[in-house]
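Structural characterization, general
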Amino acid sequence: EVQLVESGGGLVKPGGSLRLSCAAAGFTFTTYSVNWVRQFPGKGLEWVSTISPSGDSIHYADSVEGRFTISRDNAKNSFYLQMNSLRAEDTAVYYCARKGVLGWNFDYWGQGTLVTVSS
Amino acid sequence: QSALTQPASVSGSPGQSITISCSGTSSDVGGYNHVSWYQQHPGKAPTLMVFDVNNRPSGVSNRFSGSKSGNTASLTISGLQAADEADYYCSSYTGSGTLVAFGGGTKLTVL
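What counts as what
- Residues numbered from 1 in each chain as written.
- Chains lettered and ligands numbered in written order.
- Predicted model: local features only at pLDDT ≥ 70, side-chain atom pairs only at ≥ 80, totals over all residues.
- Heavy atoms only, no water.
- Helix = DSSP H or I, 4+ residues; strand = E, 2+ residues; numbered from the N terminus.
- Rg over C-alpha atoms; globule rule 2.2 N^0.38 Å.
- Buried < 20%, exposed > 50% of the residue type's maximum accessible area, 1.4 Å probe, protein only.
- Contact = heavy atoms within 4.5 Å.
- Disulfide = S-S within 2.5 Å.
- Buried area = accessible area lost by both parts, 1.4 Å probe.
- Salt bridge = Lys/Arg side-chain N within 4 Å of Asp/Glu carboxyl O.
- Polar contact = N/O pair within 3.5 Å; in protein donor to acceptor, adjacent residues only side chain to side chain.

A closer look at the overall build of chain B
Scanning chain B from N- to C-terminus turns up zero helices and nine strands. Start at the N end of chain B and walk to the C end: the helices and strands fall as β-β-β-β-β-β-β-β-β. The globule rule puts the C-alpha radius of gyration for 111 residues at 13 Å, and the 13 Å found for chain B is close to it. In terms of its C-alpha atoms, chain B occupies a principal-axis envelope of roughly 40 × 25 × 25 Å. Within the span of chain B, comprising 111 residues, buried residues form 48% of the whole. Long-range contacts, defined as pairs at least 24 residues apart, comprise 57% of the intrachain contacts of chain B with a sequence gap of at least 6.

Focus on the state of the cysteines
All names here are of chain B. Summed over all chains, the structure comprises two disulfides over all chains. Here Cys22 connects covalently by a disulfide to Cys90, the sulfurs 2.0 Å from one another. Every disulfide takes its handedness from the sign of the S-S torsion; for Cys22 and Cys90 that torsion is 75°, giving right-handed. Note that Cys22 is positioned in strand S2 (residues 18-23) and Cys90 in strand S7 (residues 86-93), a separation of 68 residues in sequence. The pair Cys22 / Cys90 is uniform in exposure class, with both members buried.

Quick word on the interface of chain B and chain A
In this complex, chain B contributes 18 residues to the contact, which on the side of chain A involves 21 residues. Here chain B and chain A share an interface that buries about 1700 Å² over both sides, 63% of which is from carbon and sulfur atoms. Applying the counting criterion to the chain B and chain A interface returns one salt bridge. With its nearest N and O atoms 2.9 Å apart, the salt bridge here joins A:Lys43 to B:Asp87. Summed over the shared surface of chain B and chain A, the result is seven residue pairs in polar contact (both at pLDDT 80 or more). Secondary structure elements with two or more residues in the side of chain B that touches chain A: strand S3 (35-40), S7 and strand S8 (100-102) of chain B.

Structural data, given as structure tokens:
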């Protein structure tokens, strides 16, 4: 059974940093690209970042480029999102999600971790 | 403001069919056949229902079908059931910058 489990969310002040983790299980981790997708309090979804199986291809949403960094550790079946210079508008539930083999879709999602940016 | 436009809400009675639209541009929906649809029940993570316009993942009911015409994609749910009541989101690959755009979501109410 595919499982993705996020951790690391919490309350942080504007300008602060936070590191999210996602532990994967139940599939060959080194075969799949993985992503972060966030959901704002008003319910809208936003794709945040993707990293290829080997980590050599990385992309970010324009809204987080230069502030967030995605990485993965294939030996630990885990990937991460380092978030710096956080803003109030980064407040959201952050989901880790596996990219499907075919096309651009997210076939498995974690349960989400809440990040709140507030003073 | 979401990149793709969906109606805020739709409703239907059990057994009926409904269609949710997802309007984009030639840079996303119209330019690629990488349109997906997700179902989200309250307090849960989204679940993939349709990918690449009209393909269903294993285990998804054939009551869910997708299509696309020009810059607009659609999700049709036939034989509505109470369990279908949820939020539905479309997404599309964009090819550059923010690689994936989502719609703002549609709340489906089963009357």
